[in-house]
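Listed here are the chains, written in short residue letters.
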Amino acid sequence: MQISTIFDFIRFSMDDTMKQFHPAEELDWEQLYDFAVKQAIVGIMYHGVEKMAGEQKPPKKLLMKWYMRTEKLKKRNQLQNSKAVEIAAQFQKDGFRCCILKGQGNAQMYPVPSLRTPGDIDIWMKPQKGEATMKAIRQAVNDYVRKISKSSNIRYYHAEFRMDTTPVEAHYMPGIMNNPMYNRRLQRFYSERQDEQCAHQIELPDGVGKIPVPTLGFNVVFQLSHMMHHFFDEGIGLRQMMDYYYVLKALKADDRQGMENQLAYLGLKKFAGAVMYIQQQVFGLEDDCLIVPVDEKRGKTLMYEILKGGNFGQHSGLTDHSTATKYMLKNWRSLQLVKEYPAEALSEPLFRTYHFIWRLCNS
């Protein structure tokens with residue numbers, strides 16, 4: 001089965017105005033299911049399966065496996081919704097401004113929110129009182145996290161821990177760039193808008209409550225930088241690209257004004273052009289929803305990495321190696337990207353080395 005047929009089926013699964021899929025006889029259901037698992041879009045693609053006529057559906061055994069996996073996704077989303085409300089309320093009560101990043105906020109942009117594959121709960125935090133320097137914020141968040149979990153994992157821009165069985169990432173900053181100049185600009189962008197994001201709330205399904213989430217304009221920059229960072233780390237997949245598709249679809253025309261210049265200033269425009277290629281090739285994004293012109297050359301490189309590595313590069317084989325081997329492989333990969341992304345690719349090995357030393361000193 002050609003990859004274009006898989007992309008056609010993804011669009012069919014996302015669009016309820018499409019009632020039939022042609023040509024159905026070209027579908028390889030086992031290949032489609034494996035692709036959905038690899039890219040963490042099982043629930044979305046099962047929605048397409050549900051729309052197929054009875055005789056066109058997958059074999060019964062595979063259909064039941066797909067159905068059971070999708071039902072588990074729905075239950076996980078219900079749990080994550082409740083946990084997101086609970087965690088945000090607790091952190092606010094304990095003296096932090098906070099905002100839930102990606103995750104359950106993103107899911108509400110989907111036509112069927114419960115079909116999105118949930119991950120960790122990412123929460124951006126800042127003490128309501130005290131100094132607002134990054135050093136002070138990081139210290140306050142880490143002290144708080146250590147009271148909750150003794151097994152927390154402290155990283156440069158977030159702390160990883162568990163609340164009961166729920167994995168949580170407490171962010172001092174939403175994300176980072178490898179290049180120092182662009183990272184300074186990005187952190188200024190974040191800090192100037194943090195209070196607005198913490199005050200922007202949405203209602204979650206089933207009456208579980210409200211959570212603070214980023215505005216659409218903020219998400220355009222933040223989620224793009226998040227994908228770019230993972231692209232240079234271990235990889236990025238279609239689940240994150242699908243999240244971004246719904247951000248772009250919801251963005252108003254006025255919010256697109258000046259966006260291209262802003263992304264260029266932040267060092268994100270080249271990667272944005274590659275992402276626009278993915279958005280059109282895979283999801284069929286309309287031209288009037290683009291935030292920068294499509295960059296086909298960089299887009300094809302990005303497409304190759306997405307199809308090879310899957311969700312967050314988990315199927316690329318990179319994580320199967322020792323730390324030392326993985327370090328060398330990542331350096332080699334960054335060198336291969338220098339021509340397309342010189343500023344970020346040349347900075348990536350330097351930042352990764354700095355981050356390793358920083359963690360040794362701050363763990």
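Residues numbered from 1 in each chain as written. Predicted model: local features only at pLDDT ≥ 70, side-chain atom pairs only at ≥ 80, totals over all residues. Heavy atoms only, no water.

S.K.: Help me get a handle on the packing of aromatic side chains, residues and values and all.
M.R.: Taken as a whole, this structure holds 28 aromatic pairs when the rule is applied. Ring plane angle 80° and centroid distance 5.7 Å describe the contact between Tyr156 and Phe351, whose orientation is recorded as edge-to-face. On the criterion of sequence distance, the pair formed by Tyr156 in the loop between strand S3 (153–154) and strand S4 (158–163) and Phe351 in helix H15 (residues 342–362) is long-range, its members being 195 residues apart. Ring geometry for Phe231 and Phe271: centres 5.5 Å apart, planes at 35°, overall tilted. Of this pair, Phe231 sits in helix H8 (residues 216–233) while Phe271 is found in helix H12 (residues 269–283), placing the two residues 40 residues apart along the sequence. (Phe/Tyr/Trp six-rings, centres within 6.5 Å; stacked < 30°, edge-to-face > 60°. Helix = DSSP H or I, 4+ residues; strand = E, 2+ residues; numbered from the N terminus.)

S.K.: Explain a positive patch on the surface to me, using residue names and the numbers behind them.
M.R.: Taken together, the side chains of Lys61, Lys65, Arg69, Lys72 and Lys75 present a region of like positive charge at the surface. Among the structural elements, Lys65 can be located in helix H4 (residues 60–93). Judged by its relative accessible area of 43%, Lys65 is partly exposed. (Patch = residues over 30% accessible without salt bridge, like charges linked within 9 Å, V, L, I, M, F, W, Y side chains within 5 Å. Areas by Shrake-Rupley, 256 points an atom, 1.4 Å probe, with all protein chains shown as cover. Salt bridge = Lys/Arg side-chain N within 4 Å of Asp/Glu carboxyl O. Lys, Arg positive; Asp, Glu negative; His and termini not counted. Charge placed at Lys NZ, Arg CZ, Asp CG, Glu CD. Buried < 20%, exposed > 50% of the residue type's maximum accessible area, 1.4 Å probe, protein only.)

S.K.: An account of H4 is needed here, citing residue identities and associated values.
M.R.: Taking 1.5 Å as the rise per residue, H4 with 34 residues should run 50 Å; its terminal C-alpha atoms sit 49 Å apart, in good agreement. Just downstream of H4, Gly95 is the residue with a positive phi angle, here 100°. (Expected span 1.5 Å × (residues − 1).)

S.K.: Which residues make up the nonpolar core, and what values go with them?
M.R.: Core analysis: the biggest nonpolar cluster contains 79 residues, and Phe9, Ile10, Trp66, Met241 and Leu302 have the highest contact counts within it. Once residues lying within four places of it in the same chain are set aside, the contact partners of Ile10 are Phe35, Ile41, Met45, Leu238, Met242, Val282 and Phe283. If you look at the next biggest cluster of nonpolar residues, it comprises 32 residues, including Val85, Ile154, Tyr157 and Ala159. (Core = buried A, V, L, I, M, F, W, Y, C linked by side-chain atoms within 4.5 Å. Contact = heavy atoms within 4.5 Å.)

S.K.: Quick rundown of the environment of Glu196? Include the residues and the values.
M.R.: Checked against the element boundaries, Glu196 lands in helix H7 (residues 180–199). The spatial distance from the C-alpha of Glu196 to the C-alpha of His171 is 16 Å, given a sequence separation of 25 residues.

All we've got here are geometric facts, nothing functional implied.
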